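Residue-level structure breakdown
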Amino acid sequence: MARFMNDFEQQALFSSPPPPPLAERMRPRTLEEFIGQERLLGPGRLLRRAIEADRLQSSIFWGPPGCGKTTLASIVARMTGSAFEKLNAVTSGVADVRQVLKEAQDRRLRYGRATYLLLDECHRWSKAQSDSILPAIESGLIRFIGSTTENPMVSMTPAIVSRCRVFQFEPLSAQDVLRARLAQPGAVVEYSERYRNPAVTYTTQDGARYRVWYENEQSVLDKLTLARMFGVTGLV
C-alpha cells in the first residue's frame, strides 16, 4: 500500500541543506592528502615544517589557478591552534580589515592566541587597503597569508611583499591530476584514445562521470605506467 509523506517529512526533505559543490568535497583535508608542490611540501621542506610546527609566518602563495593555494591555506586553518580569518580582496574593504584586526587584538589580549588572515586574490587590494593591514603584520598581530595568481613583486605593495615570504606554486602535472582523481573513493578510471586529445574519464560512487583533457599524447601516462604506479586494473 502506498504511503505518502506527512507535512513534517516533506518539510525535512526540502529544508535540508544542499550538499557542498564537488570541488569542495574533493578538497584535501590534510597535508598527507595534498597532491603536488613537492618542491615546497616534500618531507623536510621549509613550508611543510613551518605548517606542522604551527610556526608559519606571514606568507604569499603565488601560482596559477587550481594549483592548491587556497586548499593549502584551508589545511593550515585546520591544523593550527590559532584563529583563522578569511577575506576576499574583491569583496572586502578597509572596514572589514579593521574588524578582523580588532578581533585579533581582543583575542591576543584575552587568550594569548594568534590570528591568521587569509586574503584571496590579494593582488587586487589597493594601496589604502594594504596600508591598513601593514602595521598589524609588522607587529605580529596577524599572520598574513596572501593568495594570488599575479607576480606579487609587480602587482602588490612592496611594503607588504617585503614583510612576507613568497612561495611560488607550480602548475599541477598530468601525474598530479591523475593521482588526485584516483584518490577519490570508488573512482573507476578508464583511458580513452577515441578523441583527438587524450582524456581520462572517471566515475564516482554517486554515478557522476568526469573527463580530464590533456593537450597531447606526451602529457598522459601510458596505460601500463598508470596501472603500475596506482594499482589500477581494467584500463581500456
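See the structure above.
Residues numbered from 1 in each chain as written. Predicted model: local features only at pLDDT ≥ 70, side-chain atom pairs only at ≥ 80, totals over all residues. Heavy atoms only, no water.

**A short note on helix 6 (residues 94-111)**
The α-helix winds at 3.6 residues per turn, so residues separated by three or four positions along the chain end up facing the same way. Over its 18 residues, helix 6 extends 25 Å from the first C-alpha to the last, a length consistent with the 26 Å expected when each residue adds 1.5 Å. Summarising the contacts, the buried residues of helix 6 are in contact with strand 2 (83-88), strand 3 (115-120) and helix 7 (127-139). G112 sits one or two residues past helix 6 and shows a positive phi near 65°. (Helix = DSSP H or I, 4+ residues; strand = E, 2+ residues; numbered from the N terminus. Expected span 1.5 Å × (residues − 1). Contact = heavy atoms within 4.5 Å.)

**A look at the sheet that holds strand 2**
The strands making up a sheet are joined through hydrogen bonds of the backbone, oriented either antiparallel or parallel. Taken together, the five strands give an open sheet; going across it, the order is 2-3-4-1-5, and neighbouring strands pair in parallel fashion. Here the strands that pair on one side only, and so sit at the sheet edges, are strand 2 and strand 5 (165-168). Neighbour-to-neighbour, the strand axes of the sheet open up by a mean angle of 20°, direction not taken into account. (Pairing = 2+ DSSP bridges. Axes fitted to C-alpha atoms, helices over the stretch in contact; angles between N-to-C directions.)

**Looking at the packing of helix 6 against helix 7**
Close contact between helix 6 and helix 7 brings their axes to 9 Å; oriented N to C, the two are set at 15°. One element, helix 6, and the other, helix 7, form an angle in the roughly parallel class. Read as a crossing pair, helix 6 and helix 7 show a hand that is left-handed. Every residue of helix 7 that contacts helix 6 at V94, V97, L101 and R108 is listed here: A128, Q129, S132, I133, A136 and S139. Grouping the amino acids of the contact of helix 6 with helix 7 by side-chain chemistry returns six nonpolar, three polar and one charged. (Parallel < 35°, antiparallel > 145°, perpendicular 65-115°, else oblique. Left-handed = near helix turned anticlockwise from the far one by under 90°. Nonpolar A, V, L, I, M, F, W, Y, C, P; charged D, E, K, R; others polar.)

**Quick notes on the state of the cysteines**
Per the stated rule, a full pass over the model turns up zero disulfides. Free cysteine: C122, not disulfide-bonded; nearest cysteine sulfur from C164 at 8.3 Å. The exposure class assigned to C122 is buried, which follows from its relative accessible area of 3%. (Disulfide = S-S within 2.5 Å. Buried < 20%, exposed > 50% of the residue type's maximum accessible area, 1.4 Å probe, protein only.)

**Remarks on the pattern of salt bridges**
Opposite charge on two side chains permits pairing when their charged atoms draw close. Scanning the model with the defined rule gives ten salt bridges in all. Between E32 and R48 there is a salt bridge, and its shortest N-O distance comes to 3.5 Å. Remark: R48 occurs in helix 4 (residues 46-52) and E32 occurs in the loop between helix 2 (22-26) and helix 3 (38-41); sequence separation between them is 16 residues. Assessed through its relative accessible area of 63%, E32 is described here as exposed. The buried category is assigned to R48, whose relative accessible area is 15%. The closest approach of N and O atoms between K86 and D120, which form a salt bridge, is 3.7 Å. In this pair, K86 is assigned in strand 2 and D120 in strand 3, connecting sequence segments 34 residues apart. Three or more residues joined by partner-sharing salt bridges are found here, namely E32, R48 and E52. (Salt bridge = Lys/Arg side-chain N within 4 Å of Asp/Glu carboxyl O.)

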